[in-house]
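Residue-level structure breakdown
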Amino acid sequence: GIPIQWNESLVSSICRSASKLSFWIEEKSGYDFTKIDELVIGPRFFTKYAQIDTFSSLLDKLEQLRIFKWEAGPYWNVLKVLNSLSSCPQIEEIYIKKAKINFFPQAIFSFNKLKKLDLSYNQLIEVPEELEQFQDLIHLHLEGNRLSRCPRVISRLKRLELLDLRENPLKILNPKILGRLYKLKDLPLPPNIATHYYSELQQWLPDVDFKSQYWQLGD
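Below you will find a few notes about this structure. The structure displayed is predicted, hence computed values, not measured ones.

Definitions and limits used
Residues numbered from 1 in each chain as written. Predicted model: local features only at pLDDT ≥ 70, side-chain atom pairs only at ≥ 80, totals over all residues. Heavy atoms only, no water. Pairing = 2+ DSSP bridges. Helix = DSSP H or I, 4+ residues; strand = E, 2+ residues; numbered from the N terminus. Axes fitted to C-alpha atoms, helices over the stretch in contact; angles between N-to-C directions. Core = buried A, V, L, I, M, F, W, Y, C linked by side-chain atoms within 4.5 Å. Buried < 20%, exposed > 50% of the residue type's maximum accessible area, 1.4 Å probe, protein only. Contact = heavy atoms within 4.5 Å. Salt bridge = Lys/Arg side-chain N within 4 Å of Asp/Glu carboxyl O.

As for the sheet that holds strand 5 (residues 139-141)
The strand order across the open sheet built from six strands is 1-2-3-4-5-6, with neighbouring strands paired in parallel fashion. This sheet does not close on itself; its edge strands, each paired only once, are strand 1 (38-41) and strand 6 (162-164). When the angles between neighbouring strand axes are averaged without regard to direction, this sheet yields 5°. Here strand 4 (residues 116-118) runs beside strand 5; their pairing, made up of three bridges, is parallel. Following the sheet pairing, Asp118 is matched in strand 5 by His141.

A closer look at the nonpolar core
Judged by nonpolar contacts, the single largest core of 70 residues is most densely connected at Phe68 and Trp70. Excluding anything up to four places from it in sequence, Phe68 contacts Leu39, Ile41, Val81, Leu82, Leu85, Ile91, Glu93, Ile94, Tyr95 and Ile96.

Quick notes on the pattern of salt bridges
One pass over the full model with this rule turns up seven salt bridges. Here Asp118 and Lys97 are joined by a salt bridge, their closest N and O atoms 3.6 Å apart. Remark: Lys97 occurs in the loop between strand 3 (93-96) and strand 4 and Asp118 occurs in strand 4; sequence separation between them is 21 residues. For Lys97, a relative accessible area of 40% puts it in the partly exposed group. Note that Arg156 is salt-bridged to Glu132, the shortest N-O span being 3.0 Å. Of the two residues, Arg156 is situated in the loop between strand 5 and strand 6 and Glu132 in the loop between strand 4 and strand 5; the sequence distance between them amounts to 24 residues. According to the relative accessible area criterion, Arg156 is partly exposed, its value standing at 24%. Ionic contacts of the salt-bridge type, sharing partners, join the residues Glu129, Glu132 and Arg156 into one network.

This is the structure we're talking about:
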């Protein structure tokens, strides 16, 4: 047949479909889809539930995958895909937004090289102590959840540079404990908490940028 003219647009189109990507992962061609470094699953990635099992069984072939983004909301089973991704421990960035998950997925602890974790706009009420294992984590997004307090374990993530806790029903914060995060530079908080603890946070976190848009608290 006519040779396929691979280009960025064609590759991108294939990577947006479970059926197409599953086919080309196993097909020998001029483009090696097992070498992709980013997997984005959108609302139309799957067309039926049976595809989740088929596609998940191929994930161990993605030996260079570094970034996983779930943009399909709650419409498909993110936990099933995430469990299968545990065969890709080299993943460094995970983004799971608006999936309505109400507990911290245990499969995430399979990724020891994690540097960026985004679980924003879910329904988390707590963060487990096991989070401490992610000593390379630099970005942690937990905004838009149901956290009533800043999880104490976060203070043990010594390389953390960004911690986003906006849009959580936080009732209490301990600036002294957060002061252990010596590399923290960005700390978006709910306005009421930011206002209440402003002076103490400035004292304990001298490297945080309190001039950023998140800290324009008004008079």
